[in-house]
Amino acid sequence: MTPYLRAYSVHLLTASGAVFSMLAMLAAVDSQWSLMFVWLMVAFFVDGIDGPLARKYDVKKNAPEIDGVLLDLIIDYLTYVFIPAFALFESDLLPGWTGWICIIVITFGSALYFADTRMKTRDNSFSGFPGCWNMVVLVMFAIEPNFWIILALVSSLTVTMFFPLKFIHPVRTERWRSVSLPIALVWTCLAGIAAWTDFHPGPIVTISLTITSLYLLFVGLLIQLLYDRRPGD
């Protein structure tokens, strides 16, 4: 296979995320939440491997007619933001006006964040919460907290998008990657179990999912506090 075909095949893999997002949306419209999250998890897996493949096969050089970064952002907005926000709104987790507030702040704030050229730090982390609402909403479905907690969490995470607070990328952030990456893989397995069991996975999975979620959410802030000395590090 030529370098061009290998590089272009990575673009095709990335574009397949649009298909999975459509399948997730169709499931969401029918309130088939478990199936929706299964498709979102498939899209999440694709998003996790297409970046390393893109760098390995140097898609910018070998297949430059497709903007892989733009393609990835379009699909990420669908799978990370738009569909999870719709699911949160249509579920029974948020009554009345609280659902409207959440979908407005999630979609509006995330649109601005995804277009922000400062979203990446020097160590390949994210500056501000990176709009991973698919992960947040899945955990909310699994633990079913009080709606005030959901409203507070959604509002707080949206605000952090616009402050220089660090959130890790489990694959690309090198510091503590030997811990973060395995925890991210464990989180993915736990999330899959939660979705597969129609969000009745039992206390062990629920507690483990909560703990791993808290680690992934706050470890970047801890790294920033312990090691960073300059803005944008």
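Visitor: An account of the state of the cysteines is requested, with residue identities and associated values reported.
Guide: Summed over the entire model, instances satisfying the criterion amount to 0 disulfides. Of all cysteine sulfurs, the one in Cys132 lies closest to Cys102, which takes part in no disulfide; the gap is 17 Å. On the accessibility criterion, Cys132 (16% relative accessible area) is buried.

Visitor: Account for empty space enclosed by the protein, with residues named and values stated.
Guide: Evaluation of the coordinates by the stated rule reveals 2 cavities of 30 Å³ or more. Considering only enclosed or pocket space, the largest cavity measures out at about 60 Å³ in volume. Contributing to the lining of the largest cavity are Thr14, Gly17, Ala43, Val46, Asp47, Asp50, Asp72, Ile75, Asp76 and Thr79. Those elements giving two or more residues to the lining of the largest cavity turn out to be helix 1 (3–29), helix 2 (33–56) and helix 4 (68–90).

Visitor: Summarise the packing of helix 2 against helix 6 (residues 133–143); cite the residues concerned and give the values.
Guide: Where helix 2 contacts helix 6, the axes come no closer than 11 Å and their chain directions differ by 150°. The chirality of how helix 2 crosses helix 6 is left-handed. For the pair formed by helix 2 and helix 6, the contact residues are Trp33, Phe37, Met41 and Phe44 on the first element and Asn134, Met135, Val137, Leu138 and Phe141 on the second. For the contact of helix 2 with helix 6, the residue count by class is 8 nonpolar, 1 polar and no charged.

Visitor: Describe the pattern of salt bridges, and please don't skip the residues or the numbers.
Guide: With the rule as written, the count across this model stands at 3 salt bridges. Measuring nitrogen to oxygen at the nearest pair gives 3.0 Å for the salt bridge that ties Asp123 to Lys166. On the criterion of sequence distance, the pair formed by Asp123 in the loop between helix 5 (97–114) and strand 1 (126–127) and Lys166 in strand 2 (residues 166–167) is long-range, its members being 43 residues apart. We classify Lys166 as buried; its relative accessible area is 1%. Note that Asp228 is salt-bridged to Lys166, the shortest N-O span being 2.6 Å.

Visitor: Describe the side chain of Thr158, with residues and values.
Guide: With respect to the helices and strands, the residue Thr158 is situated in helix 7 (residues 147–160). From its side chain, Thr158 meets the backbone oxygen of Val154 in a polar contact 2.8 Å long. For Thr158, the contacting residues outside a window of four places in its chain are Val105, Gly109 and Trp133.

Rules used throughout
- Residues numbered from 1 in each chain as written.
- Predicted model: local features only at pLDDT ≥ 70, side-chain atom pairs only at ≥ 80, totals over all residues.
- Heavy atoms only, no water.
- Disulfide = S-S within 2.5 Å.
- Buried < 20%, exposed > 50% of the residue type's maximum accessible area, 1.4 Å probe, protein only.
- 1 Å grid on protein atoms, 1.4 Å probe; cavity = no way out; pocket = protein on both sides within 12 Å on 5 of 7 lines; lining within 4 Å.
- Points joined across faces, edges and corners; volume = space filled by probe spheres on them.
- Helix = DSSP H or I, 4+ residues; strand = E, 2+ residues; numbered from the N terminus.
- Axes fitted to C-alpha atoms, helices over the stretch in contact; angles between N-to-C directions.
- Left-handed = near helix turned anticlockwise from the far one by under 90°.
- Contact = heavy atoms within 4.5 Å.
- Nonpolar A, V, L, I, M, F, W, Y, C, P; charged D, E, K, R; others polar.
- Salt bridge = Lys/Arg side-chain N within 4 Å of Asp/Glu carboxyl O.
- Polar contact = N/O pair within 3.5 Å; in protein donor to acceptor, adjacent residues only side chain to side chain.

All we've got here are geometric facts, nothing functional implied.
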